[in-house]
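In case you want the letters, here they are:
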Amino acid sequence: MNHQAQSQYAPAAGVPLIKSPSLRVPRPVEMPPDIHPLPDSVTAYFVYPFTLEPHVLTVEASRRSTLAAHAARREAYLKAREDEKERRKREALRRIAPGFEPKATPLVPTKRFSGVPGHPLSSDGIASPAGDNGGHQRTKSVMEDLVDQLAAMDSK
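Basis of the calculations
- Residues numbered from 1 in each chain as written.
- Predicted model: local features only at pLDDT ≥ 70, side-chain atom pairs only at ≥ 80, totals over all residues.
- Heavy atoms only, no water.
- Patch = residues over 30% accessible without salt bridge, like charges linked within 9 Å, V, L, I, M, F, W, Y side chains within 5 Å.
- Areas by Shrake-Rupley, 256 points an atom, 1.4 Å probe, with all protein chains shown as cover.
- Salt bridge = Lys/Arg side-chain N within 4 Å of Asp/Glu carboxyl O.
- Helix = DSSP H or I, 4+ residues; strand = E, 2+ residues; numbered from the N terminus.
- Buried < 20%, exposed > 50% of the residue type's maximum accessible area, 1.4 Å probe, protein only.
- Phe/Tyr/Trp six-rings, centres within 6.5 Å; stacked < 30°, edge-to-face > 60°.

Enquirer: Please explain a nonpolar patch on the surface as it appears in this structure.
Expert: Taken together, the side chains of Met-143, Leu-146, Val-147, Leu-150 and Met-153 make up a nonpolar region of the molecular surface, amounting to roughly 500 Å² of accessible area. The topology assignment puts Leu-150 in helix α3 (residues 142–155). The class for Leu-150 is partly exposed, based on a relative accessible area of 45%.

Shown next as structure tokens:
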């Protein structure tokens, strides 16, 4: 294998290498004579001044409370923005279909009054829709009265 490596680089062996004049070898590093050597034990350097502890704890507590306040304000802002978007969407839908609520059940038409002759009447001849407890009542028109009389004649 060594023979193959030699034959592979054999053509490049005769190519002369030119040293660039812009490159130079750096000077060797010299240590200053007054450098302080490391001691045998470095445990004396690992003393923690516990006098800083209360200051660090108060700064950390205020930082956390500030972050929590900012997070709460951000969440409130995002929720308000989302609610505003929903409100605008509902208003746009209500402009198209009044009374429409997307999250509610579908709208179902309800009868307020029926002109059918078989409709229950109160004692004074006024139609009383089911579910109306003596509130606003509508009197029968002349045409409805005529239709009721003709229906009564047909049934005899």
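Still more to cover.
Enquirer: What am I meant to see in the pattern of salt bridges here?
Expert: A side chain with one charge may pair with a side chain of the opposite charge, provided their charged atoms come close. Tallied over the full model, the rule gives seven salt bridges. Put simply, Glu-60 and Arg-63 hold a salt bridge, and the shortest N to O gap is 2.7 Å. With Glu-60 and Arg-63 both in helix α2 (residues 53–96), this residue pair falls three residues apart, about one helical turn. Ionic pairing is found between Glu-91 and Arg-87, a salt bridge with its closest N-O pair at 2.3 Å. Placement of the pair is Glu-91 and Arg-87 together in helix α2, with a separation of four residues, close to one helical turn. Glu-91 sits in the partly exposed class, given a relative accessible area of 33%.

Enquirer: Help me out: how do you make sense of the packing of aromatic side chains in this one?
Expert: Geometrically, a pair of aromatic rings is defined through the distance of the ring centres and the angle of the planes. The tally for this structure, following the rule as stated, stands at one aromatic pair. When the ring of Tyr-48 is compared with that of Phe-50, the centres are 4.8 Å apart and the planes differ by 80 degrees; the resulting orientation is edge-to-face. By relative accessible area, Phe-50 is classed as exposed at 62%.

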